[in-house]
Amino acid sequence: MVLVWSLMLFGALFFCNMLRQAMQDEAISIEDRIWVFDHFGTVSRSYYTFIEITFSGAWPSIARPLVETVSSVYAVYFAVYITVVLFALFRIISALFLKDTLAVAAAEE
């Protein structure tokens, strides 16, 4: 679980720093810049957004506006993050819990 929290913190710090230019870019509409600030403007906002992405399944509603308005390069990061963290890591953790549960059940018989 520490790995999940570390990956979320890394992602939050990465996005907070990378999106500073987007928040100051006047080519992007003010509404979109406010949206970026609301989700990634500070480390705490960015970390909360990554908690939402990881645990609530809200990543499409956060990834799509970011990819469409700021840069399509962020799609690569989201694809890797979703694949590694949400699918692979949670499946591994679930398998470990299942293994322990079956071991306890076998010991009780």
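Visitor: An account of the pattern of salt bridges is requested, with residue identities and associated values reported.
Guide: In this structure the tally under the stated criterion is two salt bridges. Among the ionic pairs, Asp 38 bridges to Arg 45, the shortest N-O distance being 3.5 Å. Across the pair Glu 68 and Arg 64 runs a salt bridge, and its minimum N-O distance is 3.0 Å. Note that Glu 68 and Arg 64 are positioned in helix 5 (residues 59-69) at a spacing of four residues, about one turn of the helix. Since its relative accessible area comes to 57%, Glu 68 is described here as exposed.

Visitor: Explain the packing of helix 5 against helix 6 (residues 74-108) residue by residue, including any values.
Guide: Packing of helix 5 against helix 6 brings their axes to within 9 Å, and their N-to-C directions diverge by 160 degrees. Of the possible angle classes, the one that applies to helix 5 and helix 6 is roughly antiparallel. Here the hand of the crossing between helix 5 and helix 6 comes out right-handed. Contacts between helix 5 and helix 6 pair Trp 59, Ala 63, Leu 66 and Val 67 from the former with Tyr 74, Ala 75, Phe 78, Ile 82 and Leu 86 from the latter. Taken together, the residues of the contact of helix 5 with helix 6 sort by class into nine nonpolar, no polar and no charged.

Analysis parameters
- Residues numbered from 1 in each chain as written.
- Predicted model: local features only at pLDDT ≥ 70, side-chain atom pairs only at ≥ 80, totals over all residues.
- Heavy atoms only, no water.
- Salt bridge = Lys/Arg side-chain N within 4 Å of Asp/Glu carboxyl O.
- Helix = DSSP H or I, 4+ residues; strand = E, 2+ residues; numbered from the N terminus.
- Buried < 20%, exposed > 50% of the residue type's maximum accessible area, 1.4 Å probe, protein only.
- Axes fitted to C-alpha atoms, helices over the stretch in contact; angles between N-to-C directions.
- Parallel < 35°, antiparallel > 145°, perpendicular 65-115°, else oblique.
- Left-handed = near helix turned anticlockwise from the far one by under 90°.
- Contact = heavy atoms within 4.5 Å.
- Nonpolar A, V, L, I, M, F, W, Y, C, P; charged D, E, K, R; others polar.

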